[in-house]
Amino acid sequence: MFSIIIPSYNRANHLPKAIESVLAQSFTDWELIIVDDGSTDNTRELVASFNNPRIRYIYQENAERSAARNNGIRNAKGEWICFLDSDDVYLNQHLAVFEKAINESANPRFLLSGCIREEAGEQNLYPLIDLNKNIIEEIWTHFILANAVCIHRSILLKHQFDLRFRIWEDTHLWTRLAVHYELQVLKDYTCKQIINPEGTVASGFSKVKILDVKQYLAAIIDVYQDEKIKTSMSHDFYLAYLEQKLRMYLYQSRMNGQLGVALNIWFSYLTRFPRWFLVLEFPKIFLNAMGIKKMNP
């Protein structure tokens, strides 16, 4: 019934927990597809050590997460597709909750469960999407993990992850799907995101890269060009969202003391959204680069 896709790149040290969380599912009609995105560690040997016929290993040359997930989709045999990041886990009832919702729904296609964020032993619940509000704005406002979605295979064969983007690529896809298919939000929390220093989220903020910032903004601007999406949300919200992301990266790069990166983002911000507060931000960039933090935030 379910195909679970795990894209992985040099995560052999984290993969066992992810795989074991799938093996521990109370609902057992599943296959697990691990797409090795050109790893140079012992990922292949690790996967083979589980010696389980429901686990399939696919190797590809390094092509980033979107390509790995699409590869898994093309090779999936299940009617429903779920995703799991290599350093995250499912709770035992994850698939059972989706199976129940699918069987009790009239025409399910695109389902979303709740997810838990765990960092340094502390756990917090990600807020659920409010279907009574603008659905696109809700998707953009909330952090929807790929771990928490369950989508009919026929949809993902038609709408896949955009290979141009390796950041915000998931929200780009959820946005495109939301204007074509009804989103069903379940109240159950069934998966867990585990924040670690090597993960995409933590590493992306510990050292901001200009390429990442450009990718992020490009993905947002690109999906907004779709007329159906554009007319489904407020233009003011779109502009505010773009500015919010620029401000986030400006602050983080400044706090990191990344002088060149912060200046680059500052000028980009000024060009797109000239604001008076940027006058005050300019000297802070240099002060933070010298290790002076007193003027923050």
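Here the structure is a predicted model, which means the values were calculated and not measured. (Residues numbered from 1 in each chain as written. Predicted model: local features only at pLDDT ≥ 70, side-chain atom pairs only at ≥ 80, totals over all residues. Heavy atoms only, no water.)

A.B. asks: In this structure, what is going on with the environment of tyrosine 126? I would like to understand it.
C.D. replies: Within the element layout of this structure, tyrosine 126 appears in the loop between strand E7 (122-125) and helix H5 (135-141). Sequence separation between tyrosine 126 and valine 223 is 97 residues, and the spatial gap between their C-alpha atoms is 24 Å. With near-sequence residues (within four places) excluded, tyrosine 126 lies in contact with Cys115, Ile116, Arg117, Phe143, Leu145, Tyr189 and Gln193. Side chain to side chain, tyrosine 126 and arginine 117 meet in a polar contact 3.3 Å long. (Helix = DSSP H or I, 4+ residues; strand = E, 2+ residues; numbered from the N terminus. Contact = heavy atoms within 4.5 Å. Polar contact = N/O pair within 3.5 Å; in protein donor to acceptor, adjacent residues only side chain to side chain.)

A.B. asks: Is there a simple way to explain unusual backbone geometry in this structure?
C.D. replies: Only a minority of non-glycine residues have a phi that is not negative, and only a minority of peptide bonds are not trans. Unusually for a residue other than glycine, asparagine 10 sits at a positive phi of about 55 degrees. Using a relative accessible area of 26% as the deciding quantity, one classes asparagine 10 as partly exposed. (Buried < 20%, exposed > 50% of the residue type's maximum accessible area, 1.4 Å probe, protein only.)

A.B. asks: For this particular structure, what's the right way to read the packing of aromatic side chains?
C.D. replies: Where two aromatic rings form a pair, the distance of their centres and the angle of their planes describe that pair. Across all of its chains, the model carries 18 aromatic pairs by this definition. Ring centres of tryptophan 266 and phenylalanine 267 lie 4.9 Å apart, and the angle between their planes is 90 degrees; this geometry places the pair in the edge-to-face category. With relative accessibility at 46%, the residue phenylalanine 267 sits in the partly exposed group. Where tyrosine 269 meets phenylalanine 273, the ring centres are 6.3 Å apart and the plane angle is 85 degrees; that geometry is what we call edge-to-face. We note that tyrosine 269, like phenylalanine 273, is buried. Ring pairing ties together the aromatic residues Trp140, Trp168, Tyr224, Phe237, Tyr238 and Tyr241, which thus form one cluster. The ring of tryptophan 30 is capped by arginine 54, whose NZ or CZ atom sits 3.9 Å from the centre of that ring. (Phe/Tyr/Trp six-rings, centres within 6.5 Å; stacked < 30°, edge-to-face > 60°. Lys NZ or Arg CZ within 6 Å of the ring centre and 35° of its normal.)

A.B. asks: Looking at this model, I keep getting lost on the pattern of salt bridges. Mind explaining?
C.D. replies: Opposite charge on two side chains lets them pair, provided their charged atoms get close. Going through the model one piece at a time under the given rule, you end up with 15 salt bridges. In this structure, aspartate 85 and arginine 69 form a salt bridge, with 3.0 Å as the shortest nitrogen-oxygen distance. Highlighted residues: aspartate 85 in the loop between strand E4 (80-83) and strand E5 (89-90) and arginine 69 in helix H3 (residues 64-75), separated in sequence by 16 residues. Residue classification places arginine 69 among the buried positions, given a relative accessible area of 2%. Of the charged contacts in the structure, one is a salt bridge between arginine 117 and glutamate 119, with a shortest N-O distance of 2.9 Å. What makes arginine 117 partly exposed here is its relative accessible area of 26%. Classification of glutamate 119 by relative accessible area gives partly exposed; the value is 38%. (Salt bridge = Lys/Arg side-chain N within 4 Å of Asp/Glu carboxyl O.)

A.B. asks: Honestly, the nonpolar core in this entry has me stumped. Any pointers?
C.D. replies: Burial of nonpolar side chains together is a common tendency in soluble globular proteins. Ranked by size, the top nonpolar core spans 92 residues in total, and within it Phe2, Trp140 and Trp174 carry the most contacts. Residues in contact with tryptophan 174, not counting those within four places in the same chain, are Phe110, Ile139, Ile144, Ala146, Val149, Ile151 and Phe161. (Core = buried A, V, L, I, M, F, W, Y, C linked by side-chain atoms within 4.5 Å.)

A.B. asks: Any chance you could explain the packing of helix H11 (residues 235-255) against helix H13 (residues 277-289) here in plain terms?
C.D. replies: When two helices pack together, their arrangement is given by the angle between the helix axes and by the axis-to-axis distance. As a packed pair, H11 and H13 sit with axes 9 Å apart at the nearest point and diverge in direction by 30 degrees. On the basis of the axis angle, H11 is roughly parallel to H13. Contact residues: Arg247, Leu250, Arg254 and Met255 in H11; Phe277, Leu278, Glu281, Lys284, Ile285 and Asn288 in H13. Each residue belonging to the contact of H11 with H13 can be placed in one class, and the counts come to 5 nonpolar, 1 polar and 4 charged. (Axes fitted to C-alpha atoms, helices over the stretch in contact; angles between N-to-C directions. Parallel < 35°, antiparallel > 145°, perpendicular 65-115°, else oblique. Nonpolar A, V, L, I, M, F, W, Y, C, P; charged D, E, K, R; others polar.)

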